[in-house]
Amino acid sequence: MVTRQPVCAAALAAVLIVAISPGSAARLSPQPQPPDVAAVLARLDDLYRSKSSIARMEIVVTSPRSTRTMRLKAWTRGEDDALIVIEAPPREAGTSTLRVGSNLWNFLPRIARTIRVPPSMMLGSWMGTDFTNDDLVKESSMHRDFSSRIDRRSDAPPGWWLRLDVKPGVVGRWARIDILVDDANLPVEERHFDRKGRLARVMTFDETRTLGGRRLPAHLTLTPVDQPGQRTEMRYLELQFDVAIPNDTFSLSRLERGQ
Amino acid sequence: MIMGARLPTTWRIAWRNLWRNPRRTSLALAAIGLSVTLVLLYDGILRWEADYLVDTITGPMLGHVQAHAPEWRRTRAMDKTMTGSSRAVEALRRDPDVGGVDARVYAPALAALGEEGFAVMVVGVDMAEATRPSRLLQGLKVPLGGRRVLVGRLLAEQMGVKPGAEIAIVGQGIDGSLANDLFTVAALIDTSVDLVNRQAIVLPLAEARELFAMGDEAHELVIYARDPARAGPLAARLRGSSELAGVEVLDWKTAAPGMNDLVELVSVMWVFVLLLVFVAAAAGVANTALMSTFERTHEFGMLLALGTAPSRIVAMILIESLALGVTGALLGTAFGGALVAWAYHAGVDFAKLTGGGPTSLSAWGVTFTMIMRPRLAAIDIVRVVLAVMVTAILASAWPALRAARLQPARALRE
């Protein structure tokens, strides 16, 4: 129903990533003039998903033991709705995740069951990646839970460090998130600090290309700091924005149909 | 009489002296005997409690010695496993100091009867080991295998699961792949470990490995020592062994220091009990010795006048007290020992004793039943008899010295 923009990866990223900058308005002034934080964050937020998106992406999970590659297709609508379907490897094909608001369901074709992820499992791994279930649902609350400001100028690459501090009284996993955006207002790096103020994980953005009519980093790498040899990479292969997505896409019945 | 003709004269005289006042001596014997009986009974309960605590703490989950991959205890990460675990298990089972080995897999997962998922801990255990007495699944009659699992009762209540239900288990394989399958609930389990009742789904090791795409590996080897008291030395020895090379090996006291403190506390309580016997025996012996020396002042005067060495009088009085104490202690030991033996075989139900109190008690995440089976070790008896002897000598020292210092002339006039 909405515009049709594919962002498969966007869906995931949208879901997974905290804030990614939107490039449209704010990128006009590449001078070392501090950008407007709210605008940058809003853009980051929107970058991979827009009003709606369909994406196809590849995820590579590297651990000291093994390397695993998955191909996914993802649909997003607004901030709250997302559907992710695993297309490969065959063993996991059809496995899908539906997010509606803060609810998350997994559909498992092998046993033909749909299971809602309970709050107690939100910090568990999503499909064996370094992303947590929480990463899939939390991101829409970022601007609500964190106060943000420009922290400092970065020289290499030229850009700005934004600093997000969790608001008092908010319960959550991160106490602070630092985001580096370049002068094109594209994300370069995100650092997540836990409640004890320790750097817990780093996400880097690179391979900037034009996908779905936008220039954006197509390759994202999430590295948990305390687990040497472990990382998850996500690469957008195709991305469409503001595409029409059928109304029933974000429903349990659609989830079980897979694709 | 009992003492036989070959005992030194002093002993025979002392023994005879004791029975010159049969009623007083009998009363003293009864007092000492009763206190020894009580002490042994209490010691027996304490010993049962200490053994029982260790058993309850180590039996189901901890074991006496545990082995893990070095990082596992900190991270609890699925992929921190010990490989080649079946070879290690076989080698350990051949070890003469090892009474049993359970290889386990622990995996966090999502379990669901319908759509609602619940966070669970899937525990794969060696069924043969885990169903032995005082182990996690002691006395379990339900056969597993063929995708049949046990569900902790509290978890089952929360999930609305009954035996026969089909549940989905979804987790992450050790290679990061998606692990998911359907299982039938064979039975609900009530174990002594709260965490298991609240969170666990238990299934045979082989099926757990299959579900989580694991090979011949385990997260934990739980090792039971033949002699639980020697868990520390066993852990130290196994740490250096080839089958557990590169693996973290801990005895249960190190793995669960809080639990150990609890046991230590119980095991020093006998000291207070022994104080009790000192007081009771001291009162009994001191009274008897004082009375009997006071009323024999004339007699001692006579003996001294006839040339008896004062040391011999001291010896005689000490021996009287000693004989009194030892006889009382032996009587008490016989009676108390019999009582403990009976209680051990019958089992004392604490709930009945207190008129319908709780039949079990939960603390520190472990449930303790309240059926007492007191038991004694030789050291308990030796300790109490020695305590009585020492008390007897101390309590009669003053009367004995007083008798030895008597002036024969003055004593004779009394």
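Before any of the text, the structure's been laid out above.
Keep in mind that this is a model prediction, so the values were computed, not measured. (Residues numbered from 1 in each chain as written. Chains lettered and ligands numbered in written order. Predicted model: local features only at pLDDT ≥ 70, side-chain atom pairs only at ≥ 80, totals over all residues.)

As a further point, take the overall build of chain B. Helix and strand content of chain B: 17 helices and 15 strands. A buried classification covers 43% of the 414 residues belonging to chain B. By sequence separation, contacts in chain B at least 24 residues apart represent 81% of the contacts at least 6 residues apart. (Helix = DSSP H or I, 4+ residues; strand = E, 2+ residues; numbered from the N terminus. Buried ≥ 20, exposed ≤ 12 C-beta atoms within 10 Å, placed from the backbone. Contact = placed C-beta atoms within 7 Å.)

Before going further, it helps to examine the packing of helix H2 (residues 22-62) of chain B against helix H16 (residues 378-404) of chain B. Residues and elements named next belong to chain B. With their axes 10 Å apart at the nearest point, H2 and H16 run at an angle of 150 degrees to one another. It follows from the interaxial angle that H2 and H16 lie roughly antiparallel. Crossing of H2 against H16: the hand is right-handed. Each of Ile32, Val36, Val39, Leu40, Asp43 and Arg47 in H2 lies in contact with H16, whose residues at this interface are Asp380, Val384 and Val388. By residue class, the composition of the contact of H2 with H16 is six nonpolar, no polar and three charged. (Axes fitted to C-alpha atoms, helices over the stretch in contact; angles between N-to-C directions. Parallel < 35°, antiparallel > 145°, perpendicular 65-115°, else oblique. Left-handed = near helix turned anticlockwise from the far one by under 90°. Nonpolar A, V, L, I, M, F, W, Y, C, P; charged D, E, K, R; others polar.)

A word on the interface of chain A and chain B. Taken residue by residue, the interface counts 24 residues in chain A and 19 residues in chain B. Secondary structure elements with two or more residues in the side of chain A that touches chain B: strand E5 (103-108) and strand E6 (113-116) of chain A. Among the elements that line the side of chain A that touches chain B, the one with the most residues is E6 of chain A, at four residues. Residue composition of the side of chain A that touches chain B, by class: eight nonpolar, nine polar and seven charged.

Another point: unusual backbone geometry. Omega for the peptide link from Ala88 of chain A to Pro89 of chain A comes to 5 degrees, which places this bond in the cis form. As for its placement among the helices and strands, Pro89 of chain A is situated in the loop between strand E3 (81-88) and strand E4 (96-100). Residues Ala156 of chain A and Pro157 of chain A are joined by a peptide bond in cis, for which omega reads -5 degrees. Within the fold, Pro157 of chain A resides in the loop between strand E7 (146-154) and strand E8 (159-166). A positive phi angle, close to 55 degrees, is found at Arg147 of chain B, a residue other than glycine. Within the secondary structure, Arg147 of chain B sits in the loop between helix H5 (127-130) and strand E5 (148-152).

Residues and elements named next belong to chain A. The pairing of strand E10 (residues 187-194) with strand E11 (residues 199-211) spans five bridges and is antiparallel. Note on E11: the bridge partner recorded for His192 is Arg201. Here E10 folds back onto E11, and the loop between the two strands holds four residues, one of which, Gly197, carries a positive phi near 80 degrees. Bridge count between E11 and strand E12 (residues 214-224): ten bridges; the pairing is antiparallel. Within E12, the position partnered with Leu211 by the bridge is Arg214. With antiparallel pairing between neighbouring strands as the criterion, E11 and E12 make up a hairpin whose turn holds two residues, including Gly212 at a positive phi of roughly 60 degrees. (Pairing = 2+ DSSP bridges.)

Residues and elements named next belong to chain B. Here H2 crosses helix H14 (residues 310-346) at 40 degrees, and the two axes come no closer than 7 Å. Taken together, the axis directions place H2 and H14 in an arrangement best described as oblique. Here the hand of the crossing between H2 and H14 comes out right-handed. Here the contact of H2 with H14 is built from residues that sort into 13 nonpolar, twelve polar and no charged.

A general feature of soluble globular proteins is that nonpolar side chains tend to end up buried together. Residue and element names in this part refer to chain B. Among the nonpolar cores identified, the biggest contains 130 residues, and Ala111, Val122, Ile169, Ile201, Val202 and Leu221 are the most heavily contacted of them. No other element matches the eight residues that strand E3 (residues 98-112) contributes to this core. In this structure, Val122 is in contact with Ala107, Ala109, Ile169, Gly171, Ile201, Leu203 and Ala208, ignoring residues within four places of it in sequence. Core analysis: the second largest hydrophobic core is formed by 42 residues, Val285, Ile317, Val384 and Ala387 among them. (Core = buried A, V, L, I, M, F, W, Y, C linked by C-beta atoms within 7 Å.)

Residues and elements named next belong to chain A. Summarising the element assignment, Glu207 is placed in strand E11. Here the alpha-carbon distance between Glu207 and Arg235, two residues 28 residues apart in the chain, equals 9.0 Å. In this structure Glu207 touches Pro217, Ala218 and His219, once residues within four positions along its chain are discounted.

A separate point is the environment of Leu98 of chain A. Residues and elements named next belong to chain A. Within the secondary structure layout, Leu98 lies in strand E4. Judged by the 25 C-beta atoms lying within 10 Å of it, Leu98 is buried. Sequence-distant contacts of Leu98, defined by excluding residues within four places in its chain, comprise Leu83, Trp105, Phe250, Leu252 and Leu255.

This part covers the pairing of E4 of chain A. On a regular strand, each side chain points to the face opposite its neighbour's, so the side chains alternate between the two faces of the sheet. Residues and elements named next belong to chain A. Burial analysis of E4 places four of its five residues in the buried class, the great majority of the element. As paired elements, E3 and E4 share five bridges and run antiparallel to each other. Each residue of the ladder has a partner; that of Asp81, found in E4, is Val100. Where E4 folds back on E5, the antiparallel hairpin that results is connected by two residues, among which Gly101 adopts a positive phi of roughly 60 degrees.

What follows deals with H14 of chain B. Taking 1.5 Å per residue as the helical rise, H14 of chain B with its 37 residues ought to reach 54 Å, and the 53 Å between its terminal C-alpha atoms agrees with that figure. At the C-terminal side of H14 of chain B, Gly347 of chain B shows a positive phi close to 80 degrees. (Expected span 1.5 Å × (residues − 1).)

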